[in-house]
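A structural walkthrough
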Amino acid sequence: MVNVRASVHNELIGGFAWSHSASSGTAVAAPLSTTEANRNKVWIAPGSGEFTDRSVGGWSELSDSHVTELRGAANENEFSIGGGTLRLTCGGMSQAVNSRTGADSVARAEANRNKVWSKADNFEGELLGGSAHAWTTDGRAEAAAHENELYVKGGTYRQNVYSGSAEAASENGSATAAATKNYLSTETSVTPDLMGGHASAEAKGTFDVLANENLLSLRGGARSFIGGYAEGTQRDSGTYVLQSTGTANENSMEIRSTGTFTDKSAGGYVHITANNTKLLSAAAAKNDVLLQDGTFNEDVAGGRSFARNTTAAADSVTNAAANENTVHALGGTYGAGLYGGSADAEAKREVNASANKNQLAVSAGAKNFIGGYAEGKQLAPGESVTHSTAKANENKVWVGVGAGTFTDKSAAGYSTIETNNVTEPSAEANSNQLTIRTGTFREDVTSGRSFARNTSADGSSKATAVDNRLWVYGDTTQFQGHLFGGSAEAKAAGNYSATAEASGNITHLMKGTTYDGDVYGGMAQGASDTGNVYLKSNYNGLYIHGGTYRGNIYAGAALGDLAADPNDVHEEVHHNKIEISGADDLSFASLYGYWHRVSGPGAYAADNELVLKDTKNITVKSVEGFDRFAFYVPSDITEDDTMLYVRDDTRNIDLSGKTVDAHLQGSTSLPNRIRLLHTVNAEIHNDGTATMTVHEGISGTERISVTTNKKELIVRRDGVTTDAGVPVVPV
């Protein structure tokens, strides 16, 4: 036990356990050597001066070249700092260095359940709750820092602040580092990084790093914050190993700071690299970040994983995953992006990146938001493999009251993959959900977005964006870019195929919102040098409940490359729907049931539907590409009303071969003449092949027809079979 109120021009140590190799040549090899520095206590009183060397509550140090296994421990120490200027400071520090040769050599170091309270005036070195460092020449190095607590109450901090830090390294063997269940609380700003748990391993062989279940509570700023950081590196010219892993799961943090964070931050962050590993896996899952205030100049993520493997070994696989993370950005200022989960995998052979089931709630402005972002990249020149994937599925994003301006492209789920020697890479952005209640969006916004590019001379590519959901509310919401329920794009090289599908996406657009760009239920794009391109955009639904629209509205779009041979492009768009139940202003909008960019022999469109439901006096610029029209007549319609008014288009609306349904509510108060559709400059045509039906009538005499002046589509309820048309005044 040490109680100090002074300046110390050397080391300040509560308890020191030390063991080194014998200096003579008579040392005898032994199986085990241990040191422990546990349950020591140090107090530095307010008003203390300068401490010129390290200060440690309990310090355990082992170094030997003749012992098979070294074990060092520094546990349950306490360090209270009331003032002064300090350098490197630890509650508990454990170091084990084993320079013995032999594959059975082991160095273990642990620093667990240490506690540090700091109100220091200045910190010139790192501040660590518990620090464990293990090193070996051969064999295995293991370091652990668990359940340490660090409380920063005040002062100036110029280097890193970690609650638990575990570092393991082996020149020729393997290394494992774990930092879990550490707690860090700050009430002041810190110049460098803040981490709850830091696990680092470097080895020529296999490594495993684990930074789980750490907790941060921050009231000040820093360069960055990371709840749990796991970093692993395979040394250059590494030994071929079967597997290495990095994990940062279930870390949690709450930030109520008015400070500034200048670098990338995350709840859980994994960064691992290898050069001769068969299976390399990084995972950041179930991390939770709550942001109440603060300024964030770089990206913030709930979970972030990065894995890079440069091995050319056969059957090697590199995985990066960031799944089931949660971010609540309830306040603050964001100069970059907000991510629920972000996964990045790079390798010469197979890569798989996944960012699934993340959740992001935003009540502030930012550069952009992405619920789940998955990026896969095959390093050049890549080795030949069959599959590689990027998946961003089942993510959920809520942009709520208080959201500001977003300046870059945003999505609930976004996947991208680029390969150069893969038979079929694929990108998925499926079953994502995006809800927007306010905000200004200067670039494109998508519920699910996927992109796949393959430059391989013998491989295709595939991208899907299916079954996504998008809801837009709010009187102060504005989209200056395009809006997509789902967007998928695939590109291939040579004579190989590209396949993209954006189907089954559902979008609801409420009143009070402004759309300056185009709106798509689903859009599939693709291109290949000389191969076939298969594009599908089917069963998408666009439900317009209100809003002001300045661009085109597409139920479904399949957009091939205009530079391609039209015979190679297959654009399929069917069973899409635009349903309008109200709108503030659609007068500048053109409605399209489908859009084919190439429209070659392989283009197909069918059963795309336009529905007017319980609304009237809707004015649009033009209508095109629909096979089915359904009019649900509102009960308060009059003979002066028009359900759909087409104002500018000079292209005729041809109902020949189409299906038209009028649904009446059976009210006796309905007028005898009901105008469903009126055109100003164009004409309405029917060669007699249209199927036109009135449903739920009460008199049995209802009939749909086109007026003889070809300007109106009407329902007559009085048995009149011929109608010349009447002058129509827009309401």
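First, a word on scope: everything that follows refers to the structure included in this document. Throughout, residues of each chain are indexed from 1 in the direction in which the sequence is written. The predicted origin of the model limits local features to residues at a pLDDT of at least 70 and limits the giving and counting of side-chain atom pairs to 80 or more, whereas totals for whole chains, interfaces and linings rest on all residues. Excluded from the side-chain calculations are hydrogens and water; all other atoms, namely the structure's heavy atoms, are used.

**Focus: the overall build of the protein chain**
Secondary structure summary: the protein chain contains zero helices and 75 strands in total. Dimensions of the protein chain, computed from C-alpha atoms along their principal axes, come out at roughly 115 × 60 × 35 Å. Throughout this description, buried means an accessible area under 20% of the type-specific maximum (1.4 Å probe, protein chains only), exposed means over 50%, and partly exposed covers the range between. The burial tally for the protein chain puts 60% of its 731 residues in the buried class. Contact criterion: two residues are considered in contact whenever any of their non-hydrogen atoms come within 4.5 Å of each other. Sequence-distant contacts in the protein chain: of pairs separated by 6 or more residues, those separated by 24 or more amount to 80%. All accessible-area figures derive from a Shrake-Rupley calculation using a 1.4 Å probe, and residue coverage is judged against the displayed protein chains alone. Total accessible area computed for the protein chain in this model is approximately 25,900 Å², and 42% of it derives from carbon and sulfur atoms. In this charge count, Lys and Arg are treated as positive and Asp and Glu as negative; neither His nor the chain ends contribute. Note that the charge is assigned to NZ on lysines, CZ on arginines, CG on aspartates and CD on glutamates. In the protein chain, which carries 59 positive and 84 negative side-chain charges, the distance between the mean positions of the two groups comes to 2 Å. We count a stretch as a helix when DSSP gives it H or I for four or more residues in a row; a strand needs E for two or more, and each element gets its number in order from the N terminus.

**Regarding the environment of Val42**
Structurally, Val42 is set in strand E4 (residues 41-44). Put simply, Val42 and Met643 are 601 residues apart on the chain and 82 Å apart in space, counted from C-alpha to C-alpha.

**Let's talk about the packing of aromatic side chains**
A pair of Phe, Tyr and Trp rings is counted when the ring centres sit within 6.5 Å of each other, with Trp represented by its six-membered ring. The angle between the planes then sorts it: under 30 degrees is stacked, over 60 is edge-to-face, the rest tilted. Under the counting rule described, the total for this entry stands at 22 aromatic pairs. Ring plane angle 15° and centroid distance 5.2 Å describe the contact between Phe123 and Tyr157, whose orientation is recorded as stacked. Within this pair, whereas Phe123 is found in strand E12 (residues 122-123), its partner Tyr157 is found in strand E16 (residues 156-157), the two being separated by 34 residues in sequence. Of the two residues examined, Phe123 and Tyr157, each falls in the buried class.

**Some words on the nonpolar core**
The definition of a nonpolar core used throughout is a set of buried Ala, Val, Leu, Ile, Met, Phe, Trp, Tyr and Cys residues joined through side-chain atoms within 4.5 Å. Phe225, Leu291, Ile553, Ile578, Leu610, Val623 and Leu676 are the most contacted members of the largest nonpolar core, which totals 91 residues. Not counting residues up to four positions away in its chain, the partners in contact with Leu610 are Ile578, Ile580, Leu591, Val623, Phe626, Arg628, Phe629, Ala630 and Leu644. Core analysis: the next-biggest nonpolar cluster, separate from the first, contains 58 residues, Leu70, Ala166, Ala488 and Ala524 among them.

**What about the environment of Phe123?**
Phe123 sits in the buried class, given a relative accessible area of 0%. Sequence spacing of Phe123 and Arg158 is 35 residues, and the spatial spacing of their C-alpha atoms is 6.1 Å. Setting aside residues no more than four positions away along its own chain, Phe123 makes contact with Ile81, Leu86, Arg87, Thr89, Ser118, Thr156, Tyr157 and Arg158.

**Some details on the sheet that holds E12**
Pairing between strands is defined by DSSP: at least two bridges between the two strands are required. Strand order in the open sheet formed by three strands is E8-E12-E16, with parallel pairing between adjacent strands. With partners counted over all chains shown, the strands left at the sheet margins are strand E8 (85-86) and E16, one partner each. Relative to E12, E8 runs parallel, the two being bridged by two bridges. Residue pairing for E12: Thr85 is matched across the bridge by Asn122.

**Comments concerning the side chain of Asn468**
With respect to the element layout, Asn468 can be found in the loop between strand E45 (461-464) and strand E46 (469-472). Taking the relative accessible area as the measure of exposure, Asn468 reaches 0% and is therefore buried. Within the structure, the side chain of Asn468 is placed 3.0 Å from the backbone oxygen of Ala429, a separation counted as a polar contact. In protein, a polar contact requires one atom able to donate a hydrogen and another able to accept it; more generally it is a pair of N or O atoms within 3.5 Å, and residues adjacent in sequence count only if both atoms are side-chain atoms. At 2.8 Å, the side chain of Asn468 and the backbone nitrogen of Asn432 are in polar contact. Excluding residues that lie within four positions of it along the chain, Asn468 makes contacts with Ala429, Asn430, Ser431, Asn432, Ser447, Gly448, Gly485, Gly486, Gly504, Asn505 and Ile506.

**A word on the pattern of salt bridges**
Only one rule defines a salt bridge in this text: a Lys or Arg side-chain nitrogen within 4 Å of an Asp or Glu carboxyl oxygen. Enumeration according to the criterion identifies 29 salt bridges in this entry. Of the charged contacts in the structure, one is a salt bridge between Glu124 and Arg158, with a shortest N-O distance of 3.7 Å. With Glu124 in the loop between E12 and strand E13 (127-136) and Arg158 in the loop between E16 and strand E17 (161-170), this pair connects stretches of sequence that are 34 residues apart. Since its relative accessible area comes to 46%, Arg158 is described here as partly exposed. The partner of Asp723 in a salt bridge is Arg673, and the shortest N-O contact between them spans 2.8 Å. Pair noted here: Asp723 is in the segment after strand E75 (712-716) and Arg673 is in strand E71 (residues 673-679), with a separation of 50 residues, a long-range link. The burial state of Asp723 is the same as that of Arg673; both residues are buried.

**Side note on unusual backbone geometry**
The residue after Ala380, namely Pro381, is reached through a cis peptide bond having omega -5°. Looking at the secondary structure, you find Pro381 in the loop between strand E36 (368-378) and strand E37 (385-391). The phi dihedral of His575 falls on the positive side, at around 55°, and the residue is not glycine. Structurally, His575 is set in the loop between strand E59 (569-574) and strand E60 (577-580). With relative accessibility at 33%, the residue His575 sits in the partly exposed group.

**Considerations on the sheet that holds E71**
The strand order across the open sheet built from five strands is E65-E68-E71-E75-E74, with neighbouring strands paired in mixed fashion. A strand with exactly one partner marks an edge of an open sheet, and here the two such strands are strand E65 (618-620) and strand E74 (703-706). Taking each pair of neighbouring strands and ignoring which way they run, the sheet shows an average axis angle of 15°. Fitted lines through C-alpha atoms serve as axes, helices being fitted only where they are in contact, and the angles separating the N-to-C directions of these axes extend from 0 to 180 degrees.

**Regarding the pairing of strand E6 (residues 67-73)**
Burial within E6 is extensive, with five of its seven residues counted as buried. Relative to E6, strand E3 (residues 30-36) runs parallel, the two sharing six bridges. Residue pairing in the sheet places Thr34 in a bridge with Arg71 of E6. Across five bridges, the pairing between E6 and strand E10 (residues 106-110) is parallel. Note that in E10 the partner of Gly72 across the bridge is Ala109.

**Structural notes on the pairing of strand E18 (residues 174-180)**
In terms of burial, E18 is a largely internal element, six of the seven residues being buried. Here strand E14 (residues 140-146) pairs with E18 via seven bridges, running parallel. Bridging from a neighbouring strand, Arg140 pairs with Ser174 of E18. Bridging between E18 and strand E21 (residues 207-210) involves four bridges; their strand directions are parallel. Across the sheet, Ala178 pairs through a bridge with Leu210, a residue of E21.

**Quick word on the side chain of His678**
Here His678 shows up in strand E71. From its side chain, His678 meets the backbone oxygen of Lys711 in a polar contact 3.0 Å long.

**Comments concerning the environment of Asn75**
Inspection of the secondary structure puts Asn75 in the loop between E6 and strand E7 (78-81). Not counting residues within four places of it along the chain, the set of residues in contact with Asn75 comprises Ala37, Asn38, Arg39, Glu110, Ala111, Asn112 and Asn114.

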